[in-house]
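Close look at the chain arrangement
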Amino acid sequence: MAGQIGNTLKFDSLVLVPVTRTWANTTSIVDVAAGDHTLYLTGDGTVFGAGSNSRGGLGDGTETDRLSPVPVAATWTSDARVIRIAAGRQHSIFVLSDGRLFGTGNNQNGQLGDGSNVTYRTTPSEIPRPWGNARVVNIGAASSHTMFVLGPFNFFGPPPAPTCARRNPFRELQCAARMAVVVQCKYYHLGDGTKEQRTIPVVIGGSNPPWGNAPVTQASCGTFYTMIIAAGMVYGVGLNNNGQ
């Protein structure tokens with residue numbers, strides 16, 4: 001128990017309880033993401049976090065668990081604001097309004113996607129975007145991997161060729177379906193047909209994904225498996241020991 005509900009206590013709750021408000025009373029929360037910790041995104045693009053912080057997943061510069069929400073360090077140093085958040089087991093991913101990506105926390109399997117050999121970070125670091133200026137429209141995070149769904153257009157030009165990214169703890173590929181992933185791939189959950197680990201995003205699905213040229217609209221990460229929605233169909237890849 002690490003206080004991931006964010007109500008200053010470390011006790012389980014059988015009923016709904018309010019999160020302790022550590023942001024201004026005039027500020028609203030527009031999104032939340034939950035892993036072993038919880039992220040809260042405010043309307044002005046500020047991010048707060050509570051719960052387990054053993055690998056720096058809260059991004060506040062420490063490894064101290066937090067029983068109430070604390071601000072994530074805004075290391076992006078610009079007027080850009082956070083517009084999307086994802087919480088894995090021990091890592092967090094942030095999408096900025098200018099298209100940049102940042103990640104903090106556990107990176108033992110390359111799930112931050114920053115291409116480094118650093119095992120964890122306590123403040124957000126920038127994630128390279130091998131797909132260029134294409135907009136990330138959806139993100140997903142689990143215990144050891146991260147998925148990025150790319151929009152069908154660029155910020156500054158025509159749509160790029162679809163690409164994806166993944167991470168391999170046990171390598172790095174490119175596939176075509178407007179989808180990228182970074183992850184440990186012990187159980188093929190990157191969807192690139194290998195068990196290789198990737199430290200920067202790679203395209204998944206190969207040059208001929210089962211959904212063809214249709215855009216991927218959503219991706220969700222489980223423990224060692226991934227689910228994808230494309231062309232009105234649901235696809236899955238990775239661990240299936242319980243029929244998940």
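Quick summary incoming for the structure in this document. (Residues numbered from 1 in each chain as written. Predicted model: local features only at pLDDT ≥ 70, side-chain atom pairs only at ≥ 80, totals over all residues. Heavy atoms only, no water.)

Comments concerning the pairing of strand β5 (residues 82–87)
For clarity, the threshold we go by: Strands were regarded as paired on the criterion that DSSP finds at least two bridges between them. Elements are defined by DSSP. Helices are runs of H or I of four residues or more, strands are runs of E of two residues or more, and each kind is numbered from the N terminus.
With five bridges joining them, β5 and strand β6 (residues 91–96) adopt antiparallel strand pairing. When the bridges of β6 are listed, valine 82 appears paired with leucine 96.

Description of the environment of threonine 62
Let me state the cut-off plainly: To sort residues, take the accessible area from a 1.4 Å probe on protein chains only and compare it with the maximum for the residue type: under 20% means buried, over 50% means exposed, and anything in between is partly exposed. Two residues qualify as a contact provided that any one of their heavy atoms is within 4.5 Å of a heavy atom in the partner residue. Polar contact criterion, stated in full: a pair of N or O atoms within 3.5 Å, where within protein one must be able to donate a hydrogen and the other to accept it, and residues adjacent in sequence count only if both atoms are side-chain atoms.
By the secondary structure assignment, threonine 62 is in the loop between β3 (47–51) and β4 (66–71). According to the relative accessible area criterion, threonine 62 is partly exposed, its value standing at 23%. With sequence-adjacent residues up to four places away left out, threonine 62 is seen in contact with Asn53, Gly56 and Thr122. A polar contact of 2.9 Å, which involves the side chain of threonine 62, links it to the side chain of aspartate 60. Side chain to side chain, threonine 62 and arginine 66 meet in a polar contact 3.4 Å long.

Quick look at the sheet that holds β6
What counts here: The convention used is that axes are lines fitted to C-alpha atoms, helices contributing only their stretch in contact, and that angles between N-to-C directions extend from 0 to 180 degrees.
Within the open sheet, the four strands sit side by side as β5-β6-β7-β8. Their pairing is antiparallel. The sheet is open, and its two borders are formed by β5 and β8 (120–127), each paired with just one other strand. Strand-to-strand, the axes of this sheet are offset by a mean angle of 15°, without reference to chain direction.

Notes on the layout of surface pockets
If a probe as big as a water molecule is rolled over the atoms, it shows which places are left empty. Rules: A cavity, in this analysis, means grid points on a 1 Å lattice covering only the protein atoms where a 1.4 Å probe fits yet has no way out; a pocket is instead an open set bounded by protein on both sides within 12 Å along at least five of seven lines, and a residue lines either one if it has an atom within 4 Å of a point. Grid points are joined across faces, edges and corners, and a volume is the space filled by probe spheres set on the points. In this classification, Asp, Glu, Lys and Arg are treated as charged, Ala, Val, Leu, Ile, Met, Phe, Trp, Tyr, Cys and Pro as nonpolar, and every other residue, Gly included, as polar.
By volume, the largest pocket is sized at about 220 Å³. Ile85, Ala86, Asn138, Ile139 and Gly140 are, among the 14 residues lining the largest pocket, the residues nearest its centre. Put simply, the parts of the chain that give the lining of the largest pocket at least two residues each are β1 (29–34), β5, β9 (134–141) and β15 (216–222). Its residues assigned to classes, the lining of the largest pocket shows eight nonpolar, four polar and two charged.

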